[in-house]
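Notes for the structure review
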Amino acid sequence: QLQLQESGPGLVKPSETLSLTCTVSGDSMNNKFWSWIRQSPGKGLEWIGYVYSSGDIKYNPSLKSRVTMSIDMSKSQFSLRVISVTAADTAVYFCARQKGIWFDPWGQGTLVTVSS
Amino acid sequence: QSVLTQPPSVSGAPGQSITISCTGSNSNIGAEYDVQWYQQLPGSAPKLLIYGNSHRPSGVPDRFSGSKSGTSASLAINGLQAEDEADYYCQSYDDTLSEFALFGGGTKLTVL
C-alpha cells in the first residue's frame with residue numbers, strides 16, 4: 001500500500017527558504033507523478049506543482065517564480081523548496097501521488113509557519 | 001487565478017440526502033476537465049472520494065455519487081451518517097495560463 005510522509009522544519013523565518021521532503025513507501029516511484037499541495041486558512045487548498053519520475057516538472061503559474069521541486073528515486077523521496085517566504089506561505093503542506101488529474105493518496109501533512 | 005465555487009456550508013439530518021455544488025467556468029470544468037471530490041475529516045489529510053466526475057475508488061460507499069454538467073459539478077450524499085461530517089472539496093484542472101490543478105474553497109457538512 002502506497003504511503004507518503006512529509007518531513008522538514010516547522011518554522012521558517014521571513015525571506016528565508018522553506019524546504020520539505022516527502023518519503024514514499026509501499027510502491028515504486030517509477031512512471032508516476034508526485035505533487036505538493038498546501039492548505040492555508042486564507043486560500044484553501046492550493047496545488048504547488050508536480051515532479052515526474054523522469055524529472056519532468058510542472059509548477060502552478062502563481063508560484064512558479066519561487067518554487068523548485070526535485071526527485072531522488074534512489075532514496076524514494078521528492079522535495080520542495082520555496083524561496084523568499086512570507087507569512088502568506090504559512091500552511092499545512094501535503095505531498096501526494098498525482099494520477100491523471102487527481103491526487104491519491106496524500107501524506108498526513110506538515111505545518112510550516114513563517115515567523116521571525 | 002480561476003476558482004471553483006462551493007457553498008461554505010450545508011447541513012442535513014441523519015438519513016437525509018444532501019448535494020454540494022461546484023461551479024467553474026469554460027477554462028476548467030467547462031473545458032472538459034474531469035472533476036474530483038475529496039473528503040477531509042478534522043485533523044486529517046483530504047481523501048479521494050470521487051474521481052473522473054462520477055467514479056468511486058474502492059472502499060468508498062455507494063451513498064456518495066458525483067455528476068458533472070456544463071461548467072458545474074455536484075456531489076450527492078444519500079443516507080447521511082454522523083461520520084460524514086467533514087469538509088468536502090471539488091477539484092479540477094484549468095488552462096487559463098498553462099494547465100494547473102485547481103480546488104474549490106470547500107464546503108463544511110454538518111450532520112444535525
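Read on for an overview of the structure. What you are looking at is a predicted structure, and each value in this text was computed from that prediction instead of being measured.

**Observations concerning the interface of chain A and chain B**
With 19 residues of chain A at the interface, the matching set in chain B holds 19 residues. Both faces considered, chain A and chain B share a buried interface measuring about 1700 Å² in area, 66% of it formed by carbon and sulfur atoms. On the chain A side of the contact with chain B, A:Leu45, A:Ile101 and A:Trp102 bury the most area, a combined 36% of that side's loss. Along the contact surface separating chain A from chain B lie 0 salt bridges. Applying the counting criterion to the chain A and chain B interface returns 5 residue pairs in polar contact (both at pLDDT 80 or more).

**What to know about the packing of aromatic side chains**
Scanning all chains against the criterion turns up 14 aromatic pairs over all chains. Aromatic side chains A:Phe94 and A:Trp106 sit 5.5 Å apart centroid to centroid with 80 degrees between the ring planes, which places their arrangement in the edge-to-face category. Taken together, the residues span a long stretch of sequence, with A:Phe94 in strand β9 (residues 91–99) and A:Trp106 in strand β10 (residues 102–106) at a distance of 12 residues. The class for A:Phe94 is buried, based on a relative accessible area of 2%. Judged by centre distance (5.9 Å) and plane angle (45 degrees), the ring pair of B:Tyr33 and B:Tyr93 falls under tilted. Of this pair, B:Tyr33 sits in the loop between β2 (18–23) and β3 (36–40) while B:Tyr93 sits in strand β7 (residues 86–94); the two residues are 60 residues apart in sequence, bridging distant segments of the chain. Residues B:Tyr33 and B:Tyr93 agree in their burial class; the two are buried. Linked through ring pairs, A:Phe33, A:Trp47, A:Tyr50, A:Tyr52, B:Tyr33 and B:Tyr93 together constitute an aromatic cluster.

**With respect to the nonpolar core**
Residues A:Trp47, A:Phe103, A:Trp106, B:Trp37 and B:Tyr88 are the most contacted members of the largest nonpolar core, which totals 41 residues. Residue contributions to this core peak at 5 residues, all from β7(B). In this view, B:Tyr88 contacts B:Gln6, B:Ile20, B:Tyr38, B:Gln39, B:Leu49, B:Phe64, B:Leu75, B:Ile77, B:Gly106, B:Thr107 and B:Leu109; residues no more than four positions away in its chain are not counted.

**Section: the pattern of salt bridges**
All names here are of chain A. Counted according to the given criterion, the structure contains 5 salt bridges over all chains. The salt bridge partner of Lys 32 is Asp 27, with a shortest N-O separation of 3.7 Å. For Asp 27, a relative accessible area of 42% corresponds to the partly exposed category. A salt bridge links Glu 46 to Arg 38; the nearest nitrogen and oxygen atoms lie 2.8 Å apart. No difference in accessibility class separates Glu 46 from Arg 38, as the two residues are buried. Salt bridges sharing partners connect three or more residues here, namely Arg 38, Glu 46, Arg 66 and Asp 89.

**Here's the deal with the environment of B:Glu99**
Residue and element names in this part refer to chain B. Looking at the secondary structure, you find Glu 99 in the loop between β7 and β8 (100–103). Considered as a pair, Glu 99 and Asn 28 are 71 residues apart in the sequence and their alpha carbons are 9.3 Å apart. A polar atom in the side chain of Glu 99 sits 2.7 Å from the side chain of Tyr 33.

Each value, and the rule that gives it
- Residues numbered from 1 in each chain as written.
- Chains lettered and ligands numbered in written order.
- Predicted model: local features only at pLDDT ≥ 70, side-chain atom pairs only at ≥ 80, totals over all residues.
- Heavy atoms only, no water.
- Contact = heavy atoms within 4.5 Å.
- Buried area = accessible area lost by both parts, 1.4 Å probe.
- Salt bridge = Lys/Arg side-chain N within 4 Å of Asp/Glu carboxyl O.
- Polar contact = N/O pair within 3.5 Å; in protein donor to acceptor, adjacent residues only side chain to side chain.
- Phe/Tyr/Trp six-rings, centres within 6.5 Å; stacked < 30°, edge-to-face > 60°.
- Helix = DSSP H or I, 4+ residues; strand = E, 2+ residues; numbered from the N terminus.
- Buried < 20%, exposed > 50% of the residue type's maximum accessible area, 1.4 Å probe, protein only.
- Core = buried A, V, L, I, M, F, W, Y, C linked by side-chain atoms within 4.5 Å.

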